Amino acid sequence: RGLMLEEMGDWASALREYQLATQIAPHMADAQYRRGVVLMHLERYEEALTAFGETLRLRPRLVPALINTGLTQEALGLPREAIATFERAISIDPKSAEAHLNLGALYGESGQMDSALDHCRKALAIDSQSSQAAFNAGLALMERKPDEAAQFFRRAITLDPKNLGACHLLGS
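First, a word on what this report is: a plain description of the structure on this page. (Residues numbered from 1 in each chain as written. Predicted model: local features only at pLDDT ≥ 70, side-chain atom pairs only at ≥ 80, totals over all residues. Heavy atoms only, no water.)

**Some points on the environment of Pro60**
Here is step 1: By secondary structure assignment, the location of Pro60 is in the loop between α4 (45-58) and α5 (63-75).
Here is step 2: Pro60 sits in the partly exposed class, given a relative accessible area of 41%.
Here is step 3: Once the C-alpha coordinates of Pro60 and Arg16 are considered, the two residues, 44 residues apart in sequence, prove to be 25 Å apart.
Here is step 4: Every residue in contact with Pro60, bar those within four places of it in the chain, is listed here: Leu66, Arg88 and Ile92. (Helix = DSSP H or I, 4+ residues; strand = E, 2+ residues; numbered from the N terminus. Buried < 20%, exposed > 50% of the residue type's maximum accessible area, 1.4 Å probe, protein only. Contact = heavy atoms within 4.5 Å.)

Structure below.
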């Protein structure tokens, strides 16, 4: 029922379902994980972090839980912790485009452009349809190699014509 309620956008009811499920069977990692996802949608990040922590206690190699933990840490203003979490996800699944994408974005935000570009390129190698990875690669190159950055921005627009950030930066 929780998944059906999520699909309907009824986050509060979905949360109640997952809370009930985790009270009845606290060892159910999937229910803990879904509870964390719903809490993220509700922007209850501290509680989401706890739910993902419980999920990872039960299933320490569950990459989607690691990715959502990293996103939650980022939302809480904990970039160093988020970087470590995304790196852990990549150590478990080196082909996780989402982990590379998020790690690249965090490196870019912290000014580590070589690392940002490396992870954006890895994300694109895994998922060649990722407009966001192309956009982030362009950002990482913008200051040092504007012509190459423009190529990534064009690719981002080709993949997603609604990528307004790439349209704006390509035009400037």
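On we go.
**Side note on the side chain of Gln73**
Here is step 1: Tracing the sequence through the fold places Gln73 in helix α5.
Here is step 2: Residues within four places of Gln73 in sequence aside, it is in contact with Leu49, Leu78, Glu81, Ala82 and Thr85.

**Regarding unusual backbone geometry**
Here is step 1: One non-glycine residue, Glu43, adopts positive backbone phi at about 60°.
Here is step 2: On the secondary structure map, Glu43 appears in the loop between α3 (29-41) and α4.
Here is step 3: Residue class for Glu43 comes out exposed when judged on its relative accessible area of 58%.

**Here we look at the packing of helix α10 (residues 146-159) against helix α11 (residues 164-171)**
Here is step 1: At a minimum axis separation of 9 Å, α10 and α11 run at an interaxial angle of 145°. Where α10 crosses over α11, the handedness of that crossing is left-handed. For the pair formed by α10 and α11, the contact residues are Ala150, Phe153, Arg154, Ala156 and Ile157 on the first element and Ala166, Cys167, Leu169 and Leu170 on the second.
Here is step 2: Among the residues making up the contact of α10 with α11, the classes are represented as eight nonpolar, no polar and one charged. (Axes fitted to C-alpha atoms, helices over the stretch in contact; angles between N-to-C directions. Left-handed = near helix turned anticlockwise from the far one by under 90°. Nonpolar A, V, L, I, M, F, W, Y, C, P; charged D, E, K, R; others polar.)

Shape is all these values report; function is a separate question.
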